[in-house]
Amino acid sequence: MTTSRAGMPESHRAQHPRPAVVVAVLVCLGLLAGAPAPPAADLSTFTQVHSGLTSDYATCQLKLTYQGGQTKRRSTLAGVSSVRPGGFDLAAFDPFQHHGSYGNDTFVGDTLVVSSAELQALLDGIALHPAMQDTIPPSLPHVSLMVLRDSGGSPMCWEHITGSYEEGDTLLQLLHDALAAPADQATVDKFRHHLVGIRR
């Protein structure tokens, strides 16, 4: 029988591994098994988020995330009410992200600072397109639009994922038309142009 430097038989040490090794093994097993993720928050319907009161959009924000196939990055386009305390908050969307890949959110590019009236105009435009109001993810996702209202301390978020470039173009045109400033309209056009580049 061989003896370790600590005077403990090697066979005995093999039966009692170091605590640190046990912890490491358990951690690895837990990672392989996959710890349960926290439950995602429920998405609201379009009707719940769409309001006829301009004041309801005072703390509204939105983001457009490209989810289709790509060979290069396409930064997310963000929008936030001009009077929202703290400005745009990407983390506020995390609990509501149920579908698809939001990897492009790690690179938020342009952020539109828009009025409550402009945000309302966007939702009013979408209200005229029933097919763009559902929250059912398509089999081939294109662009995710998420609109989040957190007035009253109870956030609600609606998401529609376009299923084609044509539907995505319609959505971006509605956003373009809702904005008053030519510079903001140009920002939306630039985002749309980059999506065309990805398509090619």
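What counts, and at which threshold
Residues numbered from 1 in each chain as written. Predicted model: local features only at pLDDT ≥ 70, side-chain atom pairs only at ≥ 80, totals over all residues. Heavy atoms only, no water. Core = buried A, V, L, I, M, F, W, Y, C linked by side-chain atoms within 4.5 Å. Buried < 20%, exposed > 50% of the residue type's maximum accessible area, 1.4 Å probe, protein only. Helix = DSSP H or I, 4+ residues; strand = E, 2+ residues; numbered from the N terminus. Contact = heavy atoms within 4.5 Å. Axes fitted to C-alpha atoms, helices over the stretch in contact; angles between N-to-C directions. Left-handed = near helix turned anticlockwise from the far one by under 90°. Nonpolar A, V, L, I, M, F, W, Y, C, P; charged D, E, K, R; others polar. Expected span 1.5 Å × (residues − 1). Polar contact = N/O pair within 3.5 Å; in protein donor to acceptor, adjacent residues only side chain to side chain. Pairing = 2+ DSSP bridges.

Draft legend 1. Structural view of the nonpolar core. By size, the foremost hydrophobic cluster in this structure holds 28 residues, and its most contacted members are Leu64, Leu122, Ile126, Leu145, Val147 and Leu175. For this core, the secondary-structure elements that each account for two or more residues are helix H3 (46–49), strand E1 (61–66), strand E3 (108–114), helix H4 (116–126), strand E4 (143–149), helix H5 (165–178) and helix H6 (182–199). The greatest single-element share of this core, amounting to five residues, is contributed by H5. Setting aside residues no more than four positions away along its own chain, Leu175 makes contact with Leu64, Leu77, Leu112, Leu122 and Val188. Counting seven residues, the second-largest nonpolar core is a separate cluster that includes Tyr102, Met146, Leu148 and Cys157.

Draft legend 2. Representation of the packing of H4 against H5 within the structure. Where H4 meets H5, the axes come as close as 8 Å, and the angle between the chain directions of the two elements is 140°. Two packed elements cross with a definite hand, and for H4 against H5 that hand is right-handed. Contacts from Glu118, Ala121, Leu122, Gly125 and Ile126 of H4 reach H5 at Leu171, Leu174, Leu175 and Ala178. For the contact of H4 with H5, a count of residues per class yields seven nonpolar, one polar and one charged.

Draft legend 3. Here's a closer look at H5. The first and last C-alpha atoms of H5 sit 20 Å apart over 14 residues, in line with the 20 Å expected at 1.5 Å per residue. Those residues of H5 that fall on the buried side of the exposure criterion are Glu167, Gly168, Leu171, Leu172, Leu174, Leu175, His176 and Ala178.

Draft legend 4. Up close: the environment of His50. Among the secondary structure elements, His50 is positioned in the loop between H3 and E1. Spatially, the C-alpha atoms of His50 and Arg149 are 9.6 Å apart, while their sequence positions differ by 99 residues. Apart from residues lying up to four places away in sequence, His50 is in contact with Tyr57, Leu123, Asp124, Ala127 and Arg149. Only 2.6 Å separates the side chain of His50 from the side chain of Asp124, close enough to count as a polar contact.

Draft legend 5. Highlighting the environment of Pro137. Relative to the helices and strands, Pro137 is located in the loop between H4 and E4. Residues Pro137 and Gly100 lie 37 residues apart in sequence; the distance between their C-alpha atoms is 8.0 Å. Once you skip the residues sitting within four places of it in the chain, Pro137 turns out to touch His99 and Ile161.

Draft legend 6. Local environment of the pairing of E1. Counting buried residues along E1, six of its six residues qualify, which places the element largely inside the surrounding structure. Relative to strand E2 (residues 76–81), E1 runs antiparallel, the two sharing four bridges. Paired with Lys63 across the two strands is Ala78, which belongs to E2. With six bridges connecting them, E1 and E4 associate as antiparallel partners. Its bridge partner being in E4, Gln61 is matched across the sheet by Leu148.

Draft legend 7. How the structure looks around the sheet that holds E1. Read across the sheet, five strands follow the order E3-E2-E1-E4-E5 without closing on themselves; strand pairing throughout is mixed. A single partner strand is all that each edge strand has here, and the edge strands are E3 and strand E5 (156–161). Each adjacent strand pair in this sheet contributes to an overall mean axis angle of 15°, direction not counted. Direction of pairing for E2 relative to E3: parallel, over a ladder of five bridges. In the strand pairing of E3, Gly79 is matched with Leu112. Here H4 sits on the sheet and contacts E1, E2, E3, E4 and E5; the angle it forms with E3, its principal contact strand, is near 105°. With respect to the sheet, H5 is in contact with E1, E2, E3, E4 and E5, its orientation differing from that of E1 by roughly 150°.

The analysis is restricted to geometry; functional conclusions fall outside its scope.
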